[in-house]
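What follows is each chain in one-letter form.
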Amino acid sequence: KAGVTQTPRYLIKTRGQQVTLSCSPISGHRSVSWYQQTPGQGLQFLFEYFSETQRNKGNFPGRFSGRQFSNSRSEMNVSTLELGDSALYLCASSLVGGNEQYFGPGTRLTVT
Amino acid sequence: GENVEQHPSTLSVQEGDSAVIKCTYSDSASNYFPWYKQELGKRPQLIIDIRSNVGEKKDQRIAVTLNKTAKHFSLHITETQPEDSAVYFCAAVWGAGGTSYGKLTFGQGTILTVHP
């Protein structure tokens, strides 16, 4: 089976802009979780989607949002970018929001 | 909410030695504990996990132990090799009805360096 894929792999944006990141889960996996990874804060949970519904959300401002499509692919959007949003954004998929999560390669976002 | 503390933050060993990384968690309802290995520039990779109804699990050179009473779990790597060098993350999950609703709470990571 193909693994989790994410696009784009690298992105450079300017403060105030918005960005959309995409995640395609492993075939058959219906749950997609998103994480932000930074050197200072480590890996932090953003949100989780299952069957096109957000079931869980971490402690991030409303500028961070997401959605999931009927084919389980997911997107996350960050509006009004801030310098502190520079990070590696990882998505992970699992069968039904079960515990075994498999990560994608991540999108490296740099905000200047 | 759940909090996971991981120690040490860095660990340096000689090839062939054992390495042990420890994590403690705060929520006694946590019931699933995975370990991830992340090599430089790569994605986190699930290497082993344990559920709260099991005390120990082993897979070749790696093992994980869980002490529910003390709320801590550990990763043990025996006969370390240079390719074991990476950042290792522990995580804890509270799940109900068979699902954790996707939220892994991670420790801060341990940089393991194995010297040839």
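The structure reproduced in this document is the subject of the present report. On a predicted model such as this, the values are computed, not experimentally measured, just so you know.

**Description of the pairing of strand S6 (residues 56-59) of chain B**
Residues and elements named next belong to chain B. Here S6 pairs with strand S7 (residues 62-67) via 4 bridges, running antiparallel. Looking at the pairing, Lys-58 lines up with Ala-63 of S7. In this antiparallel pair of consecutive strands, S6 and S7, the connection spans 2 residues, and Gln-60 shows a positive phi of 55°.

**A short note on the interface of chain A and chain B**
Listed per partner, the contact involves 24 residues of chain A and 19 residues of chain B. Summing both sides of the interface, chain A and chain B together bury roughly 1,800 Å²; the carbon and sulfur share of this comes to 49%. Across the chain A-chain B interface, the total number found is 1 salt bridge. Seen at the junction of chain A and chain B, the total is 6 residue pairs in polar contact (both at pLDDT 80 or more). For the side of chain A that touches chain B, the secondary-structure elements that each account for two or more residues are strand S4 (31-38), strand S5 (42-50), strand S6 (53-57), strand S9 (87-94) and strand S10 (102-103) of chain A. For the side of chain A that touches chain B, the element with the highest residue contribution is S5(A), accounting for 4 residues. Partitioning the side of chain A that touches chain B into residue classes produces 10 nonpolar, 11 polar and 3 charged.

**Topic: the pattern of salt bridges**
Taken as a whole and judged by the stated rule, the model has 8 salt bridges over all chains. Of the charged contacts, one joins Glu75(A) and Arg67(A) as a salt bridge, the two residues approaching to 3.2 Å between their closest N and O atoms. Take Arg67(A): its relative accessible area is 47%, and that puts it in the partly exposed class. A salt bridge links Arg61(B) to Asp84(B); the shortest N-O distance between them is 2.9 Å.

**Observations regarding the state of the cysteines**
In protein chemistry, a disulfide is the covalent bond that joins the sulfur atoms of two cysteines. All names here are of chain A. Under the criterion given, the structure shown has 2 disulfides over all chains. The partner cysteine of Cys-23 in its disulfide is Cys-91, sulfur to sulfur 1.9 Å. Every disulfide takes its handedness from the sign of the S-S torsion; for Cys-23 and Cys-91 that torsion is 80°, giving right-handed. Of the two residues, Cys-23 sits in strand S3 (residues 19-24) while Cys-91 sits in strand S9, which places them 68 residues apart along the sequence. Comparing Cys-23 with Cys-91 shows no difference in burial state: the two are buried.

What counts as what
- Sequence order sets the numbering: in each chain, residues are counted from 1 along the sequence as written.
- Here chains are named by letter from A upward and ligands by number from 1 upward, in the order in which they appear as written.
- In keeping with the predicted nature of the model, local features appear solely for residues at pLDDT of at least 70, side-chain atom pairs appear and are counted solely at 80 or more, and the whole-chain, interface and lining totals rest on all residues.
- Excluded from the side-chain calculation are hydrogens and water; included are all heavy atoms of the structure.
- When DSSP locates at least two bridges between a pair of strands, those strands are taken to pair.
- Starting at the N terminus, helices and strands are each numbered in turn, a helix being any DSSP run of H or I of at least four residues and a strand any DSSP run of E of at least two.
- Contacts are assigned to residue pairs with any non-hydrogen atoms lying within 4.5 Å of each other.
- Buried area is understood as the total, over both parts, of accessible area removed when two parts are fitted together, assessed with a 1.4 Å probe.
- Here a salt bridge means any side-chain nitrogen of Lys or Arg lying within 4 Å of a carboxyl oxygen belonging to Asp or Glu.
- Polar contact criterion, stated in full: a pair of N or O atoms within 3.5 Å, where within protein one must be able to donate a hydrogen and the other to accept it, and residues adjacent in sequence count only if both atoms are side-chain atoms.
- Classes in brief: Ala, Val, Leu, Ile, Met, Phe, Trp, Tyr, Cys and Pro nonpolar; Asp, Glu, Lys and Arg charged; the others, Gly included, polar.
- To sort residues, take the accessible area from a 1.4 Å probe on protein chains only and compare it with the maximum for the residue type: under 20% means buried, over 50% means exposed, and anything in between is partly exposed.
- Whenever a pair of cysteine sulfur atoms sits within 2.5 Å, that pair is classed as a disulfide.

From the geometry alone we can't say anything about function, so treat these as descriptive.
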